[in-house]
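Given next are the chains, with one letter for each unit.
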Amino acid sequence: MSTDIMSDLLFTPKSIGSVTVRNRTVFLAHETGFAEDGLPTERDAAYYKARARGGVGLIIGPSSMLVHPSASNPMYASGYDPAVVPRLEMIADACHEHGAKVFAQLQHTGAEDSGEHAMRETWAPSAVPTGFGYEMPKRMERDDIEEVKLGFAKTAEHVERGGLDGLELKAGHDGILRQFLSPKYNRREDEYGGSVENRVRIVNEIVDAIRDRVGEEFPVGIRLTLDEMEDGGYDYDYAVEVIRYLHPSIDFIDSDIATISKLYVTDAPMHAPLGYTQEYYAGARELVDVPIIAAGRINDLTKANDILEEGRADFVGMCRQLICDADTVRKVERGADDEVTHCIACNQNCLGGIHTNGHVGCIQTPRSGRETEIPHLEDVDGAASRRRILVVGGGPAGLSFAVTAAELGHDVTIREREAQLGGQSNIATRIDSRREFGDAVRNLLNRLENRDVTVETSVEVTPEDVDADRWDDVVVATGAQERPPQLPGPNVHSSWEVLRGEPVGESVIVFDENKHTGGVGVAEQLAVEGRDVSFVTTSYHPGDRLEGTNVPPFLETLYEHDVELIEHTTIIGFGDGVAQLMNVYSEEITALAADSLVVANRREPRSGIADALEARLDADSVHRIGDCVAPRFIDKAIYDGELLAREMSREVTAR
């Protein structure tokens with residue numbers, strides 16, 4: 001892709017109200033997990049600064065700025081607290097230093113959160129619980145509505161005083177404003193309910209209250225769900241009516257779809273195609289004269305430019321892509337497209353990271369979410385002396401180490417026993433719906449091509465092959481292997497063998513002892529290929545260790561192909577075409593006939609070569625990374641590789 005082709009629109013400035021944005025890219029609002037005591041932190045500032053430095057035009061954050069104590073969540077900033085102002089100044093200065101504009105997102109979570117944080121009731125337009133928040137909310141009284149309106153206005157004033165450039169109101173997939181708009185959640189019969197015009201009233205009154213505080217020139221927009229995609233919720237045609245009643249001073253519309261109860265649609269995993277929401281924002285674009293921000297699995301700036309060229313939107317919003325690679329815009333602008341690390345929509349460390357690590361991150365990018373701990377490679381001094389390093393294994397860990405070590409100035413050679421680099425990802429991508437997962441390796445391979453690294457495939461390394469005089473360090477990244485099934489029999493197969501092409505019968509039982517994608521993935525693939533599949537798991541549901549948004553698409557496909565799901569059950573025997581099943585709670589034993597049994601198991605490290613090398617060489621010169629240390633998710637492998645390369649270079653420099 002040439003920047004000459006794209007300079008007309010993607011890298012052309014455009015105004016939102018009174019603010020001119022340097023290009024058409026937007027970093028969309030999302031939780032970061034960095035707030036402390038209700039206030040943004042230096043980690044927030046460093047996180048947003050990295051994206052500003054990376055070239056994005058507009059940053060919407062920090063998210064979300066809560067407007068009233070009745071919406072309490074430790075993940076969010078308390079925007080109504082005057083103490084937030086100097087913290088916002090810190091973020092504004094960090095973004096402005098690199099030329100980006102920054103807006104805040106204001107919201108009240110309403111019934112789509114829990115009152116546990118503040119030990120109080122949740123508020124909503126009507127006493128209607130949501131699928132996500134679950135608790136029965138309090139129907140807001142007039143005084144409550146006035147308090148929330150005042151909270152939006154005060155928070156807007158804090159945003160302006162904090163030096164930010166604008167704000168958006170969240171009436172998107174979660175939040176009280178969308179609940180007021182929705183006939184499902186707003187069943188009021190006063191002036192705030194009953195008709196579309198009445199349901200929009202609170203939004204417009206909030207805009208008036210904000211304008212009284214910040215004036216007409218301060219940009220105010222709205223993130224709007226264009227289809228709730230819930231039974232009883234509103235559809236796109238209703239959203240069109242909402243747009244027609246919106247306050248005339250609204251400066252932009254940031255597109256959204258679904259609700260947080262269907263977050264797997266809002267933040268769709270790789271089951272959904274790139275650009276899957278375009279019919280919604282493109283339709284909205286025809287209705288209004290203010291800028292529309294596109295959103296929905298946009299991870300390629302060529303496609304982003306197409307959206308602009310074809311008039312489907314005025315700005316292109318990216319969230320997960322810029323979490324994945326903060327430098328996406330800058331790389332493309334300078335013509336280094338092949339250096340971009342593309343988001344694969346695994347949702348493991350962006351959405352999943354909030355709940356597991358307590359902060360946002362990316363499986364492919366160790367620095368993402370750790371900007372205060374891990375410096376940009378451009379800011380790291382190269383090694384003072386060039387070391388000769390052999391990497392044994394060309395999976396994600398080995399590739400991550402090799403790319404980073406080579407960039408820091410070392411002489412790196414990779415030896416991989418298979419004919420193809422990629423390690424276990426080459427097995428995972430044999431599942432049709434997970435093929436995009438292979439982009440995590442392809443992204444590393446693209447970067448590898450631009451580094452001076454020697455790659456030798458189809459080479460099985462033995463301890464005797466490693467000459468201590470030739471190598472200063474040996475990095476072992478030999479990965480893991482699937483544990484063999486514990487149930488004997490000629491028609492018992494491991495999931496990896498099946499994905500590699502080992503034949504199975506027409507009727508198959510998949511026994512899931514993996515709990516992640518291993519079990520549901522092989523079951524889905526066999527079902528799609530036409531097998532009669534039964535899925536057996538001891539868990540409450542298939543894939544119970546998966547990040548939440550990945551589960552529903554797998555379940556939808558399994559049900560679509562009539563896969564029998566048998567939960568709370570183990571298999572204690574298989575022979576003569578019959579499996580013996582036992583319920584793990586009642587211990588009732590039943591029989592299930594099948595031609596083949598496929599066991600998706602946990603993994604064990606392939607560490608033999610590391611043990612042998614440590615015994616033969618100076619143990620300090622042998623390093624283990626990734627799954628050969630302990631089998632984990634891919635983010636740990638990539639993290640291990642990059643961090644070892646950084647640490648090794650620091651040690652060399654110190655010498």
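What you are looking at is a predicted structure, and each value in this text was computed from that prediction instead of being measured. (Residues numbered from 1 in each chain as written. Predicted model: local features only at pLDDT ≥ 70, side-chain atom pairs only at ≥ 80, totals over all residues. Heavy atoms only, no water.)

Asker: If you had to explain the overall build of the chain to someone new, which residues and values would you point to?
Answerer: Scanning the chain from terminus to terminus reveals 21 helices and 29 strands. Whereas a compact globule of 655 residues would reach a radius of gyration of roughly 26 Å, the chain reaches 27 Å, a difference of no more than 12%. A principal-axis box enclosing the C-alpha atoms of the chain has dimensions of 80 × 65 × 45 Å. Here the chain holds 655 residues, and the buried ones make up 62% of them. (Helix = DSSP H or I, 4+ residues; strand = E, 2+ residues; numbered from the N terminus. Rg over C-alpha atoms; globule rule 2.2 N^0.38 Å. Buried < 20%, exposed > 50% of the residue type's maximum accessible area, 1.4 Å probe, protein only.)

Asker: Before we move on, can you summarise the side chain of Ser 126 with the specific residues and values?
Answerer: Tracing the backbone through its elements, the reader meets Ser 126 in the loop between strand 8 (123-124) and strand 9 (138-139). Setting aside anything within four residues of it in sequence, one finds Ser 126 in contact with Pro 137, Arg 139, Tyr 185, Asn 186, Arg 187 and Arg 188. (Contact = heavy atoms within 4.5 Å.)

Asker: Please set out the packing of aromatic side chains residue by residue, giving values where relevant.
Answerer: Here the structure, examined in full by the defined rule, presents eight aromatic pairs. Their ring planes at 70° and their centres at 5.4 Å tell us that Tyr 47 and Tyr 48 sit as a pair that is edge-to-face. Both rings, one in Phe 180 and one in Tyr 192, keep their centres 6.4 Å apart while their planes meet at 75°; by these two values the pair is edge-to-face. Of this pair, Phe 180 sits in helix 5 (residues 176-181) while Tyr 192 sits in the loop between helix 5 and helix 6 (196-214), and the two are 12 residues apart along the sequence. By relative accessible area, Tyr 192 is classed as buried at 4%. The structure contains a cluster of three or more aromatic residues connected by ring pairs, namely Phe 27, Phe 34, Tyr 47 and Tyr 48. The side chain of Arg 24 reaches across the aromatic face of Phe 315, ending 6.0 Å from its centre. (Phe/Tyr/Trp six-rings, centres within 6.5 Å; stacked < 30°, edge-to-face > 60°. Lys NZ or Arg CZ within 6 Å of the ring centre and 35° of its normal.)

Asker: Go over the sheet that holds strand 20 (residues 492-494) with me, naming the residues and quoting the values.
Answerer: Ordered by their spatial adjacency, five strands build an open sheet running 20-27-21-22-23, and the pairing between neighbours is parallel. This sheet does not close on itself; its edge strands, each paired only once, are strand 20 and strand 23 (564-566). Between one strand and the next, the sheet's axes are offset by a mean angle of 20°, whatever the strand orientation. Here strand 20 pairs with strand 27 (residues 596-600) via three bridges, running parallel. Bridging from a neighbouring strand, Val 492 pairs with Leu 597 of strand 27. (Pairing = 2+ DSSP bridges. Axes fitted to C-alpha atoms, helices over the stretch in contact; angles between N-to-C directions.)

Asker: Summarise the side chain of Glu 168; cite the residues concerned and give the values.
Answerer: Within the secondary structure layout, Glu 168 lies in strand 10 (residues 166-171). Put simply, Glu 168 is tucked away with no salt bridge, and the nearest opposite charge, on Arg 223, sits 5.0 Å away. (Lys, Arg positive; Asp, Glu negative; His and termini not counted. Salt bridge = Lys/Arg side-chain N within 4 Å of Asp/Glu carboxyl O.)

Asker: Help me get a handle on the nonpolar core, residues and values and all.
Answerer: Grouped together as the largest cluster of nonpolar side chains are 108 residues, with contacts concentrated most on Ile 59, Leu 106, Leu 169, Leu 177 and Leu 224. Element by element, the count of residues in this core is highest for helix 6, at eight residues. Beyond its immediate sequence surroundings of up to four residues, Leu 169 is in contact with Leu 106, Phe 152, Leu 177, Ile 206, Val 207, Ile 210, Gly 221, Ile 222 and Arg 223. (Core = buried A, V, L, I, M, F, W, Y, C linked by side-chain atoms within 4.5 Å.)

Asker: Residue-level account of the packing of helix 6 against helix 7 (residues 236-245), with values.
Answerer: Where helix 6 contacts helix 7, the two axes come as close as 9 Å, and the packing angle between them is 50°. Judged by the inter-axis angle, helix 6 sits oblique to helix 7. The two elements helix 6 and helix 7 cross, and the hand of that crossing is right-handed. Seen from helix 6, the contacting residues are Val 196, Glu 197, Arg 199, Val 200 and Asn 204; seen from helix 7, they are Tyr 238, Glu 241, Val 242 and Tyr 245. Along the lines of polarity and charge, the residues of the contact of helix 6 with helix 7 split into five nonpolar, one polar and three charged. (Parallel < 35°, antiparallel > 145°, perpendicular 65-115°, else oblique. Left-handed = near helix turned anticlockwise from the far one by under 90°. Nonpolar A, V, L, I, M, F, W, Y, C, P; charged D, E, K, R; others polar.)

Asker: Let's hear about the sheet that holds strand 26 (residues 589-593): which residues, and what values?
Answerer: If you trace the three strands from one edge of the open sheet to the other, you get 24-25-26, paired in antiparallel fashion. Since the sheet does not close on itself, it has two edges, and those belong to strand 24 (569-575) and strand 26, each with one partner. For this sheet the average axis-to-axis angle between neighbouring strands, irrespective of direction, equals 30°. Sheet topology places strand 24 next to strand 25 (residues 578-583); six bridges connect them, and they run antiparallel. Bridging from a neighbouring strand, Thr 569 pairs with Asn 583 of strand 25.

Asker: Explain the pattern of salt bridges residue by residue, including any values.
Answerer: Within this structure, the stated rule accounts for 44 salt bridges. With a shortest N-O distance of 3.5 Å, Lys 49 and Glu 97 are connected by a salt bridge. Highlighted residues: Lys 49 in helix 2 (residues 42-53) and Glu 97 in the loop between helix 3 (84-96) and strand 7 (101-107), separated in sequence by 48 residues. Looking at Lys 49, the relative accessible area reads 31%, which means it is partly exposed. Across the salt bridge formed by Asp 190 and Arg 188, the nearest N and O atoms sit 2.8 Å from each other. With respect to class, Asp 190 is no different from Arg 188; both count as buried. Through salt bridges that share partners, Arg 53, Asp 327, Arg 330, Glu 378 and Asp 379 make up one connected network.

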